[in-house]
Every structure is written in C-alpha cells, then in structure tokens.
Amino acid sequence: MLLVLFALPEPSFSGVVLLYHHVADDTPALTSITTAQFERHLKTIEENGYQVVPLENLVQTSLASFTLNKKVAITFDDGYKNILTNALPLLKKRDWPFTIFVSTKFVGISKSYLSWEDLYYLKQNGATIGNHTHSHAHLVRRGDNEIEAEWLARVESEIITAKEILNTKGHNSGVFAYPYGEYNKEVRDIIRKLGMIGFGQQSGAIGPDSDPLILPRFPLAGAYTGIQALKDKLGSLAMPLETRYQPPLITENLSPTLLLEFTDPSIRVENVNCFGPGGIMEVSRTSNTEILIKPKQELPVGRSRYNCTLRYKDRYFWYSQLWMRKNTDGTWYKE
Ligand SMILES: [Zn+2]
C-alpha cells in the first residue's frame, strides 16, 4: 500500500510569539516567570538557534509562507516595571528586540508600572511599544445600559485613545493585543477597520492561514514555563487550516464542537490530539480533510481553550481556540 505522508519542504518554520507578563520572583504566579527561569528561556532560544526578530517583521514573513529560518518574537503585556529591572538586562546583553503592549492609562500610575521615561529608554534598547487599549477594559463586555452603537464607540475609543497617546510619545507601531486575550467578531472588526494587527492569548504558531486580526501567542507563566515545553513551542508549526472565524462566546451549547478543515489533503487528520476542559477530547474524522472535536464536559464559566497538536517528526503543528462562558445568571465572570 502506498502511504502518502505530509511533507513540508525542509527546513520549514512558522512564526512563534512568546507572551510574558511579569518577569519577577515576587509577583502572582499565574502571570509570572521568575527572572532565573526567564534567563533559561533566553538561553534555550539561543542554544537552539532561533533568531529573535521584531514582532511586525515576524508576522509579515510568517503570514506570507512557511519560512526557512527559525524565528521568534518576544512580547510582554501590561508594561510592568520588572520588564525594565529584570528582563531588559538579559535582553540587552543579547541585543534582542521585543515588544511591550501597554494600556496607556496605567503608564507611570504606580511604582509597579513602567513610566513614559522608562518606555522611551526601553525603545532606545530594542523595544517596540504596542497598543493594549487605554484602560485594559474587557472589550467584549457590553455595559448593562449601553446600546450596541455606544458599546462599539467605547471600544473604538479605548483603542484610538491609546493609539493617540502612544503617537504623541513617539510610539507608532500598528500592533494591538486584546486585554485578557478576549475578542469577538465586533471587536475584531474594529481592529480590522483601524488597520492594526491583533494578538490574542491562545497558543499556536503563525502561518499563511492564520487570521492576522487574532494571531496566536504562547503564554509562558506559572506552570507553563518548563524548558521542554518551551522547546516544543519554539519548534511548533502553524496548523494548515482553512481560516475560519469561530465565535468564542458560548451561550446555549455549553459543550461546543469545533470543526477543523485542513488545507492539505495529505495530512493524517486522525493523528490530531486535542486537549480541553476535562482532558483529552474526542476527535472524529468527518472527511479526508475535516475533523470534529468534542469536549468531554461542559466548558467552565470563564475563559477556556481547546489546544490541538499534530506530531510532525519531532515537532508539532499547533492550533488553539478560545472560549468564553458567562455566569449562569448571564453576568460576566470576575477576573
Ligand atoms: Zn493585559
């Protein structure tokens, strides 16, 4: 029997973006990596031959095609002071570029946050400053007394206000990161209208089929900072899927199925593994190029994700989908 195996031209790489918040030993574990572990990450990047490049450059080349070079971009969300005190010395030593997504209202607001002077200094030392809204709002949440047009105007104003403030401080980048990694169709459309590139917090690598308005990043904090896991993420490949927008907010169906359609018919779709709430998920093949993924249990209130990988030699194709579920009484979950 002739076995047709999916084969990428060798070598082949996708764009990988790493996401950090705090780099410190005394901040909340869920959003932190210790300084020592962060240094181990940088050494791992170095020792495995990855080139650290500016975020926009990585996106541009990765969206165009699978690439011949191992490239990675480093991002930090929220603009904490420890990026200057703990991360910068390690990055600067290597002369590596990085991106900091800041909510402009919080710049310099307390000792925990970077000031405008800090951001200027960081920019002189390789940083790009990106847009993370003005007040770090939950953009998808429409207020109780807000009509749709008011909500959308507020969302747009969050982003434009931040953009204008950043511009006056000399930061003119077109990159945007959704606070909490939360998006929906309306908010995504605003990012499109403003001509920006959008980043979520769902895992995965960037390839030609990625949605430039909700690009994946690998969050590295708490339990997810191990070195082998980092190596798997650095080497990950964008899953060759039809670009299809899947609304993340669930209402009626609390165990949503996810359909993945592969663009390459030689991919052995039965080998895709998915994890979600409840552990390993049921994957059924609906055609040669399609699989349907079902969770083992209802999704919990709050944010959750389906994470799918497909082993390829010693590497993984990687794709992740965000879900959001409100409280049973229809109110939003607390952060
Ligand atoms: Zn944030």
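The shown structure was predicted, so the numbers you read here are calculated from the model rather than taken from an experiment.

Peer 1: What am I meant to see in the overall build of the chain here?
Peer 2: Of regular secondary structure, the chain possesses seven helices and 19 strands. By the compact-globule yardstick of 20 Å for 335 residues, the chain fits well, its C-alpha radius of gyration being 20 Å. Overall, the chain is about 65 × 50 × 35 Å in size when its C-alpha atoms are taken along their principal axes. Considering only contacts within the chain whose residues lie at least 6 apart along the sequence, 67% involve residues at least 24 apart.

Peer 1: Please explain the sheet that holds strand β17 (residues 290-294) as it appears in this structure.
Peer 2: Sheets are built from strands that pair by backbone hydrogen bonding, the pairs being arranged parallel or antiparallel. Across the sheet, which stays open at both edges, the three strands sit in the order β13-β17-β16 with antiparallel pairing between neighbours. Because the sheet does not close on itself, it has two edges, and the strands there are β13 (258-261) and β16 (282-285). Across the sheet, the mean angle from the axis of one strand to that of its neighbour is 25°, orientation sign disregarded. Two strands pair when backbone bridges link them, and β16 and β17 are joined in this way by four bridges, in the antiparallel orientation. Directly across from V283, in β17, lies its bridge partner I293.

Peer 1: Whenever I open this one, helix α2 (residues 55-64) confuses me. Can you help?
Peer 2: Since the α-helix advances by 3.6 residues per turn, residues separated by three or four positions end up pointing in the same direction. For α2, the set of buried residues is L55, L58, V59 and S62. Along the axis of α2, the buried residues cluster in a sector spanning 95°; they form a single face. Of the surrounding secondary structure, the elements contacted by the buried residues of α2 are β1 (16-20), β5 (71-77), β6 (98-102), β7 (127-131), β8 (175-177) and β9 (197-199).

Peer 1: What is the right way to look at the domain arrangement of the chain in this model?
Peer 2: When the parts of a complex come together, some accessible area is lost, and that lost area is often taken as the interface size. Looking at the chain, the domain boundaries give domain 1 (16-236) and domain 2 (249-325). For domain 1 and domain 2, the distance between their C-alpha centroids amounts to 25 Å. Taken together, the contacts link 14 residues of domain 1 with twelve residues of domain 2. For the side of domain 1 that touches domain 2, the class distribution of residues is three nonpolar, eight polar and three charged.

Peer 1: Would you explain unusual backbone geometry in this entry?
Peer 2: Phi is positive for T133, close to 70°, though the residue is something other than glycine. Summarising the element assignment, T133 is placed in the loop between β7 and α5 (148-168). A positive phi is found at Y180, a non-glycine position, where the angle reads about 65°. Relative to the assigned elements, Y180 resides in the loop between β8 and α6 (185-193). Its 18 C-beta neighbours within 10 Å are what place Y180 among the partly exposed residues.

Peer 1: It is not clear to me how the environment of G174 should be interpreted in this structure. Could you clarify?
Peer 2: Tracing the backbone shows G174 in the loop between α5 and β8. Take G174: there are 14 C-beta atoms within 10 Å of it, and that puts it in the partly exposed class. Taking the C-alpha atoms as reference, G174 lies 10.0 Å from T128; in sequence the two are 46 residues apart.

Peer 1: Where do I start with helix α7 (residues 227-234) in this structure?
Peer 2: Every buried residue of α7 is listed here: L230, K233 and L234. Seen along its axis, α7 keeps its buried residues to an arc of 95°; they face one direction. Residues of α7 that are buried sit in contact with β1, α1 (35-47), β5 and β10 (218-219).

Peer 1: I would appreciate a short explanation of the packing of α1 against α7 in the present structure.
Peer 2: The relative placement of two packed helices comes down to the angle between their axes together with the axis-to-axis distance. Closest axis-to-axis distance for the α1/α7 pair is 10 Å, and the angle between their directions is 45°. One element, α1, and the other, α7, form an angle in the oblique class. In the packing of α1 onto α7, the handedness of the crossing is right-handed. Contact with α1, carried on its side by R40, H41, T44 and I45, involves I227, L230, K231 and L234 of α7 and no other residues of that element.

Peer 1: Got a minute to help me understand the pairing of β1 in this structure?
Peer 2: Within a regular strand, the side chains alternate between the two sheet faces. Burial within β1 is extensive, with five of its five residues counted as buried. Side chains of β1 alternate between two faces, with V16, L18 and Y20 and V17 and L19 buried alike. Where β1 and β5 come together, five bridges link them in parallel fashion. The residue of β5 that forms the bridge with L18 is I74. By the bridge criterion, two bridges tie β1 to β10 in an arrangement that is parallel. Residue pairing in the sheet places L19 in a bridge with P219 of β10.

Rules used in this analysis
- Residues numbered from 1 in each chain as written.
- Predicted model: local features only at pLDDT ≥ 70, side-chain atom pairs only at ≥ 80, totals over all residues.
- Helix = DSSP H or I, 4+ residues; strand = E, 2+ residues; numbered from the N terminus.
- Rg over C-alpha atoms; globule rule 2.2 N^0.38 Å.
- Contact = placed C-beta atoms within 7 Å.
- Pairing = 2+ DSSP bridges.
- Axes fitted to C-alpha atoms, helices over the stretch in contact; angles between N-to-C directions.
- Buried ≥ 20, exposed ≤ 12 C-beta atoms within 10 Å, placed from the backbone.
- Arc of directions from axis to C-beta.
- Domains from an automatic or database assignment.
- Nonpolar A, V, L, I, M, F, W, Y, C, P; charged D, E, K, R; others polar.
- Parallel < 35°, antiparallel > 145°, perpendicular 65-115°, else oblique.
- Left-handed = near helix turned anticlockwise from the far one by under 90°.

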